2 protein chains.
Amino acid sequence: MTNIEYLTSYVNQFVETIKKAGVKHIVMCPGSRSTPLAYGFAKSEGFAFYRQTDERSAAYFALGIAKATKEPVVLLCTSGTAAANFFPAIVEAFYARVPLLVVTADRPHELREVGAPQAIDQIHLFGKHVKWSVDFPLPEDHAESLNFLERHIHRAVSTSRTLPMGPVHINMPFREPLLLNMEQALPTTEVQVSEIGKLVPSQDFTEWYMDLLMREEKGILIVGDSIHSTKGFWDFARMLKWPVLVDPLSNLRTSVPVDCMDLCIDQYDAILKNDAFKQVAMPSVVIRFGAQPVSKPLTLFLKACKPDVYIVVDESPIFRDSIHLVTHHAQVEATSLWIPMEEKQVSSYLNHWSKTNDIATKHIQTYIETEEDEGALAGILFEALPNGVDLFASSSMPIRDVDTFFNKTTKDVQVYANRGTNGIDGVVSSALGVQAATNRPGYLLIGDLAFLHDVNGLIVSRFHETDSTIVIMNNDGGGIFSYLPQSTETNYFEHLFGTPTGLEFSHVAAMYDAQYDAVHSKDAFEQVLKQPKIKDIRIIEVFTNRQVNTETHRKLWTAISKELDTIWKA
Amino acid sequence: MTNIEYLTSYVNQFVETIKKAGVKHIVMCPGSRSTPLAYGFAKSEGFAFYRQTDERSAAYFALGIAKATKEPVVLLCTSGTAAANFFPAIVEAFYARVPLLVVTADRPHELREVGAPQAIDQIHLFGKHVKWSVDFPLPEDHAESLNFLERHIHRAVSTSRTLPMGPVHINMPFREPLLLNMEQALPTTEVQVSEIGKLVPSQDFTEWYMDLLMREEKGILIVGDSIHSTKGFWDFARMLKWPVLVDPLSNLRTSVPVDCMDLCIDQYDAILKNDAFKQVAMPSVVIRFGAQPVSKPLTLFLKACKPDVYIVVDESPIFRDSIHLVTHHAQVEATSLWIPMEEKQVSSYLNHWSKTNDIATKHIQTYIETEEDEGALAGILFEALPNGVDLFASSSMPIRDVDTFFNKTTKDVQVYANRGTNGIDGVVSSALGVQAATNRPGYLLIGDLAFLHDVNGLIVSRFHETDSTIVIMNNDGGGIFSYLPQSTETNYFEHLFGTPTGLEFSHVAAMYDAQYDAVHSKDAFEQVLKQPKIKDIRIIEVFTNRQVNTETHRKLWTAISKELDTIWKA
């Protein structure tokens, strides 16, 4: 075979194997060394193919797609620092358990470490933050070559897809010339795609667990982020009748069945700040599915009551228990423990939780109606969300405001955030990636610093359609730091942590031809939300005040706690 | 001691040791875990202290400072993906041999790998792309603690400073509370700072080398990027009388002594495209100082003539010789081989080179006067540069246009670019970093994609003064790809490589309160360059055409080669 023939065979085999393994989405960053793969994917039909010129944003965009589809996404770039720009999103994907197939093109071995341009050491470039990393040989005209390629691609896709999911890195060297024969026939691939790795509990454990559920009255369920599937959860909880503390990212606060609304506790962050209620609420059994919730009061509550049995259900061998309370670590899929059972009675313990939750909810409602801070504004946004949309919450304050002000609802709103490592980087791209994958209207709630950090995430809108509404809470700097102890150091605080940039984003909207509104009051925000969306991207910039936010949030916690005292203080 | 006392002692010792080691510049990204270090540096006097909220840009900004000062710069961030955002600039620094002290704050060991937020595995996070990586213990009240800290900081600074220079990574865990006693007395540190590692040639080598220089007529010197010092070079070359091929990044094309102008060959890229001249120009000895030059024709020329002796002088044990021609690798400092010697006669070989160089220069001059493409526009810019400024050239086309259109001059203009890994990422930040360090007017020549990629580099202008003129060649997409073979694939080319975004940057200028001009012709560009600069940042956006650039550049090479044929074709 000629060079161009076997390079084309190799690339065709690569692309068709990836397609056969069920991968649908390809995110590509333009570059020279990756030319054969770019042409290979472009000429093959059946892929959704995205481009982005900022590799950091591209990786977060792919993360968003993979987060929404729960399927591996190919993320492709050329050699050199291009690949290093993928690093933040790969680390996020590793900890958030999001499947990615990171494919980095590389120079051939004779151009590595000899001063050739754009040649860096790409072997194990992402260190321990990928599930698997492999350096492929150069394409060659050898009987074993295509066979090897096919098996390794299947292994890579399966590895990224096996629970806990995560990123996989494939490094692929190419020697010039980099051109393909675009007419050459496609290969027929052989290997069958393996099943997603399923982790099933043993019979002994299941018996002990069912007995526990039937016997115990004072039990709570906690559902966090990163659960692979929530299907069947409410059928299980409806029978069990334990209070269910749902983190917003579990996506069990939305689409709640009407007859399960009383079981669903969404104000635990507020009510677990009250000591009297905490006495009443002490559980003897806690079962947590998925990651630790965002709420700090919940963590402190669990730490204080040290339950006799605390089961964490998790697909990974990593013990996600930073407070060292877990008594049983069940390394199984969450769904495998949502077992059909006899319906239990409503307990007074459940009633205490739901009654207290209702009181907090009432306060939150009043707060949204009467206050003007970021919490109240977030509440206004959440109430205005139509059925059938997605909400991406930035790290830092937005996810905390979702936790407090996003009340349980029967509406279908899927909530997303990057909680693998909680970074404020790449948030715009991740949200646009989610939108591209679900094709539902996307909403993003974000602060000014996080928006600015990934303002290049908007570049993708020049290449692909989107339907995204971005609400920026512009308090000119880092709001979350005002809640932390270092804010008492008045000499340096604003300089080091507040970091006000004085920037406004009408210019960004103009640059990207986005619909834009500047909002300075709650009334104006309500009016703006009622106006129709007429562009691909809509930016609503809400100007808020960091000082006010801290004060009013604290007032809310005090008011709730005061009313709870009148009920629960013996 | 109380917690706060020994934490304060530890941080004070850290900061004062860094200061004593001669480090002047601190670039900090706001975050919580790094609070003790941020306060430590802020309260200590005598540092230049910079902030940037985008960590990727911050790292490239620090790179710019370190590149200009040739001294280690502290780059500080909090735990989590913040640190991963440093990766592209660290890889660049490693290959470009730029000293950085990367300090990442970390969670204490009990919060690592247990699902705590913003905790990733930071140990050896940057893999093989730092010279040294060390994970510090938690601060503790122990006799050896401060002593250990001082010695390790000295080792870190020395390692980054020893030739070849490069980045060093220090990971520092802190346990809450993160506050210092701001009044506590500063420590007196003990260890003396070690010398920069100097690599001196042996006597045997020196004798052989001097004999070679005196004996050979057909020798050339090549001077590339990454030479630690160019001091004494022209005194040496003036005696030797060999043609000197100077890469623009050697900074030997500017401030050329008048009596050395004939020795200085700056058009080798153009004249070595002509076969007839190449026959005349064949050297028997080549001595290269520093990195391989940008020019591809030069590389092909050396490959074709296989000189008997090809010495590469380099401080690093890495053999920078991607064409496998080097016969002698002298691992010594370049300056150590610029030895005083008897003045040699002007040879006909030198005359051939300088005469041919003059012809190419004349063509280039005519071209700048008559053409309108990016090359001619770059030529206009270079001629307009005042004495005593810095020019940062982006990777991709700008550095190539500098190579061709930036003629040797007695003017003092320092030229910078990121050639460690040739990335188009972080260019705006690196240029602003250079400007912050030298405090001279800074000019940046950059394409639209590279500018967009690091548009967040401008954030730093909200926190610190700058004097920067940014000339954007906006050809709406990736211009360099048009010169490569893949451009013949018409079906997919524009979609995959051209990647036009249709974006214009007047909006960016408005957002950052920059002086702005849009330029659509060469005349207009000349006029604009004559107008005074009245803001910290000035953006001149020059709209060009990718197709025209490729065609006119090719026309120039043909014209030069044709005239050289009339002289050198036997």
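Just so we're clear, the structure is a prediction, and the values are computed from it rather than from any experiment.

Rules and cut-offs
Residues numbered from 1 in each chain as written. Chains lettered and ligands numbered in written order. Predicted model: local features only at pLDDT ≥ 70, side-chain atom pairs only at ≥ 80, totals over all residues. Heavy atoms only, no water. Helix = DSSP H or I, 4+ residues; strand = E, 2+ residues; numbered from the N terminus. Areas by Shrake-Rupley, 256 points an atom, 1.4 Å probe, with all protein chains shown as cover. Lys, Arg positive; Asp, Glu negative; His and termini not counted. Charge placed at Lys NZ, Arg CZ, Asp CG, Glu CD. UniProt positions renumbered as here; feature names shortened; annotations may be inferred. Buried < 20%, exposed > 50% of the residue type's maximum accessible area, 1.4 Å probe, protein only. Pairing = 2+ DSSP bridges. Least-squares fit on C-alpha atoms with pLDDT ≥ 70 in both. Contact = heavy atoms within 4.5 Å. Salt bridge = Lys/Arg side-chain N within 4 Å of Asp/Glu carboxyl O. Patch = residues over 30% accessible without salt bridge, like charges linked within 9 Å, V, L, I, M, F, W, Y side chains within 5 Å. Axes fitted to C-alpha atoms, helices over the stretch in contact; angles between N-to-C directions. Disulfide = S-S within 2.5 Å. Core = buried A, V, L, I, M, F, W, Y, C linked by side-chain atoms within 4.5 Å. Buried area = accessible area lost by both parts, 1.4 Å probe. Parallel < 35°, antiparallel > 145°, perpendicular 65-115°, else oblique. Nonpolar A, V, L, I, M, F, W, Y, C, P; charged D, E, K, R; others polar. Phe/Tyr/Trp six-rings, centres within 6.5 Å; stacked < 30°, edge-to-face > 60°. Lys NZ or Arg CZ within 6 Å of the ring centre and 35° of its normal.

### A closer look at the overall build of chain A
Then, in step 1: Assigned secondary structure in chain A consists of 20 helices and 18 strands.
Then, in step 2: Taken over the C-alpha atoms alone, chain A extends approximately 85 × 60 × 45 Å along its principal axes.
Then, in step 3: With an accessible surface of roughly 19900 Å², chain A has 51% of that area assigned to carbon and sulfur atoms.
Then, in step 4: Taking the 51 positively charged and 69 negatively charged side chains of chain A as two groups, their mean positions are separated by 3 Å.

### Examining the UniProt feature "domain: Thiamine pyrophosphate enzyme N-terminal TPP-binding" (unreviewed entry) in chain A
Then, in step 1: The sites that UniProt annotates as "domain: Thiamine pyrophosphate enzyme N-terminal TPP-binding" (unreviewed entry) are residues 12–124 of chain A.
Then, in step 2: Helix makes up 42% of residues 12–124 of chain A and strand 18%, and the two end C-alpha atoms of the span are 25 Å apart.

### Regarding the pairing of strand β6 (residues 167–173) of chain A
Every other side chain in a regular strand lies on the same face of the sheet, so the side chains alternate between the two faces.
All names here are of chain A.
Then, in step 1: Of all seven residues in β6, seven are buried; the element is thus mostly enclosed.
Then, in step 2: Alternating residues of β6 divide into Pro167, His169, Asn171 and Pro173 and Val168, Ile170 and Met172, and every residue in both groups is buried.
Then, in step 3: With seven bridges joining them, strand β4 (residues 100–106) and β6 adopt parallel strand pairing. If you follow Val103 over to β6, its bridge partner there is Ile170.
Then, in step 4: One ladder, built from four bridges, connects strand β5 (residues 132–135) with β6; its direction is parallel. What sits directly across from Trp132, in β6, is Val168.

### Quick word on unusual backbone geometry
Then, in step 1: In this model, Leu163 of chain A is joined to Pro164 of chain A through a cis peptide bond whose omega is -10°.
Then, in step 2: Residue position: Pro164 of chain A is located in the loop between α6 (145–161) and β6.
Then, in step 3: Although it is not a glycine, Ser255 of chain B sits at a positive phi angle of roughly 50°.
Then, in step 4: Take Ser255 of chain B: its relative accessible area is 35%, and that puts it in the partly exposed class.

### Remarks on the relation of the copies chain B and chain A
Then, in step 1: Screw-axis analysis of chain B against chain A gives a translation of 0.0 Å along the axis, an RMSD of 0.1 Å, and a rotation angle of 180°. Classification of the inter-copy transformation places it as that of a two-fold axis. Of the C-alpha atoms belonging to chain B, the one lying closest to the rotation axis is found on His507 of chain B, 2.5 Å away.
Then, in step 2: Of the interface residues in chain B, 100% have counterparts in chain A that sit at the interface too, so the contact is made through matching surfaces.

### A look at the pattern of salt bridges
Oppositely charged side chains may form a pair once their charged atoms are brought near each other.
All names here are of chain A.
Then, in step 1: What the rule picks out here adds up to 48 salt bridges over all chains.
Then, in step 2: Between Arg112 and Asp135 there is a salt bridge, and its shortest N-O distance comes to 3.4 Å. Linking Arg112 in the loop between β4 and β5 with Asp135 in strand β5, this pair joins segments that are 23 residues apart in sequence.
Then, in step 3: Take Arg112: its relative accessible area is 14%, and that puts it in the buried class.
Then, in step 4: You can call Asp135 partly exposed: its relative accessible area is 27%.
Then, in step 5: When salt bridges that share partners are traced, they join Asp106, Arg112 and Asp135 into one network.

### Quick word on a negative patch on the surface
Then, in step 1: A cluster of acidic residues, Glu369, Glu372, Glu383, Asp523 and Glu526 of chain A, forms a negative patch on the protein surface.
Then, in step 2: Note that Asp523 of chain A resides in helix α19 (residues 522–530).

### Structural notes on the sheet that holds strand β16 (residues 468–474) of chain A
Residues and elements named next belong to chain A.
Then, in step 1: Across the sheet, which stays open at both edges, the six strands sit in the order β14-β13-β15-β16-β18-β17 with parallel pairing between neighbours. Looking at which strands have only one partner, the edges of the open sheet turn out to be β14 (413–416) and β17 (515–519). Going from strand to strand, the sheet's axes swing by 15° on average, the running direction of each strand aside.
Then, in step 2: In terms of strand pairing, strand β13 (residues 389–393) meets strand β15 (residues 442–447) through four bridges, oriented parallel.

### With respect to the state of the cysteines
Then, in step 1: Throughout the structure, instances matching the rule amount to zero disulfides over all chains.
Then, in step 2: Between Cys305 of chain A, a free cysteine, and Cys264 of chain A, which holds the nearest cysteine sulfur, the sulfur-to-sulfur gap is 20 Å.
Then, in step 3: Note on Cys305 of chain A: relative accessible area 11%, which makes it buried.
Then, in step 4: Cys264 of chain B forms no disulfide, and the closest cysteine sulfur to it belongs to Cys260 of chain B, at a distance of 8.9 Å.
Then, in step 5: Residue class for Cys264 of chain B comes out buried when judged on its relative accessible area of 0%.

### Describing helix α2 (residues 35–43) of chain B
Then, in step 1: Burial runs high along α2 of chain B: eight of the nine residues are buried.
Then, in step 2: Every buried residue belonging to α2 of chain B is among Thr35, Pro36, Leu37, Ala38, Tyr39, Gly40, Phe41 and Lys43 of chain B, and all of these are buried.

### Regarding the nonpolar core
Then, in step 1: Membership of the largest hydrophobic core comes to 121 residues, with the highest contact counts inside it found for Phe451 of chain A together with Phe451 of chain B.
Then, in step 2: If near-sequence neighbours (up to four positions away) are discounted, Phe451 of chain B is found in contact with Val428, Ile446, Leu458, Ile470, Ile472, Phe505, Val508 and Ile539 of chain B.

### Some words on the interface of chain B and chain A
Then, in step 1: The interface of chain B with chain A comprises 85 residues on the first partner and 85 residues on the second.
Then, in step 2: Contact with chain A buries area across many residues of chain B, yet Tyr39, Leu496 and Met511 of chain B alone supply 9% of it, more than any other trio.
Then, in step 3: Counting the contacts that link chain B with chain A gives four salt bridges.
Then, in step 4: As a salt-bridge pair, Asp54 of chain A and Arg56 of chain B come within 2.7 Å of each other at their nearest N and O atoms.

### As for the environment of Glu494 of chain B
Residues and elements named next belong to chain B.
Then, in step 1: Counting through the fold element by element, Glu494 comes out in helix α17 (residues 493–498).
Then, in step 2: Between the C-alpha atom of Glu494 and that of Trp353, which follows or precedes it by 141 residues, the distance is 40 Å.
Then, in step 3: Filtering out sequence-adjacent residues up to four positions away, Glu494 remains in contact with Thr499, Pro500 and Arg546.

### Here we look at the packing of helix α12 (residues 348–370) of chain B against helix α13 (residues 374–384) of chain B
Residues and elements named next belong to chain B.
Then, in step 1: Packing of α12 against α13 brings their axes to within 8 Å, and their N-to-C directions diverge by 100°. Classified by the angle their axes make, α12 and α13 are roughly perpendicular. Between α12, through Gln365, Tyr367 and Ile368, and α13, the contact on the second element is made entirely by Gly375, Ala376, Gly379, Ile380 and Glu383.
Then, in step 2: Of the residues belonging to the contact of α12 with α13, the class tally is four nonpolar, three polar and one charged.

### Here's the deal with the packing of aromatic side chains
Geometrically, a pair of aromatic rings is defined through the distance of the ring centres and the angle of the planes.
Then, in step 1: Evaluated as defined, the whole model comprises 37 aromatic pairs over all chains.
Then, in step 2: Ring centres of Phe277 of chain A and Trp353 of chain A lie 5.2 Å apart, and the angle between their planes is 85°; this geometry places the pair in the edge-to-face category. With Phe277 of chain A in helix α10 (residues 275–281) and Trp353 of chain A in helix α12 (residues 348–370), the pair connects residues that are 76 residues apart, well separated along the chain. Considered together, Phe277 of chain A and Trp353 of chain A belong to a single accessibility category, that of buried residues.
Then, in step 3: When the centroid spacing of 6.3 Å and the interplanar angle of 50° are considered together, the rings of Phe277 of chain A and Trp568 of chain A count as tilted. Of the two residues, Phe277 of chain A is situated in helix α10 and Trp568 of chain A in helix α20 (residues 546–568); the sequence distance between them amounts to 291 residues.
Then, in step 4: When its relative accessible area of 0% is taken as the criterion, Phe277 of chain A is described as buried.
Then, in step 5: A connected cluster of aromatic rings, assembled from ring pairs, spans Phe87 and Phe126 of chain A together with Phe87 and Phe126 of chain B.
Then, in step 6: Across the ring face of Phe463 of chain B, the terminal group of Arg51 of chain B is positioned such that the distance to the ring centre comes to 4.4 Å.
Then, in step 7: Note that Arg155 of chain B overlies the ring of Trp132 of chain B, its terminal NZ or CZ placed 3.8 Å from the centroid.

### Some thoughts on helix α14 (residues 397–405) of chain A
Then, in step 1: Most of α14 of chain A is tucked away: eight of the nine residues are buried.
Then, in step 2: Within α14 of chain A, the full set of buried residues consists of Met397, Pro398, Ile399, Asp401, Val402, Asp403, Thr404 and Phe405 of chain A.

### Some points on the environment of Phe174 of chain A
All names here are of chain A.
Then, in step 1: Residue placement: Phe174 occurs in the loop between β6 and α7 (203–215).
Then, in step 2: By relative accessible area, Phe174 is classed as buried at 1%.
Then, in step 3: Apart from residues no more than four positions distant in its own chain, Phe174 is found in contact with Leu7, Tyr10, Val11, Arg33, Pro36, Leu37, Ala105, Asp106, Arg107, Pro108, Leu138 and Pro139.

### Quick notes on a positive patch on the surface
Residues and elements named next belong to chain A.
Then, in step 1: Residues Lys296, Lys303, Lys306 and Arg400 make up a contiguous surface patch of positive charge.
Then, in step 2: Turning to its location among the elements, Arg400 is positioned in helix α14.
Then, in step 3: Its relative accessible area of 34% is what places Arg400 among the partly exposed residues.

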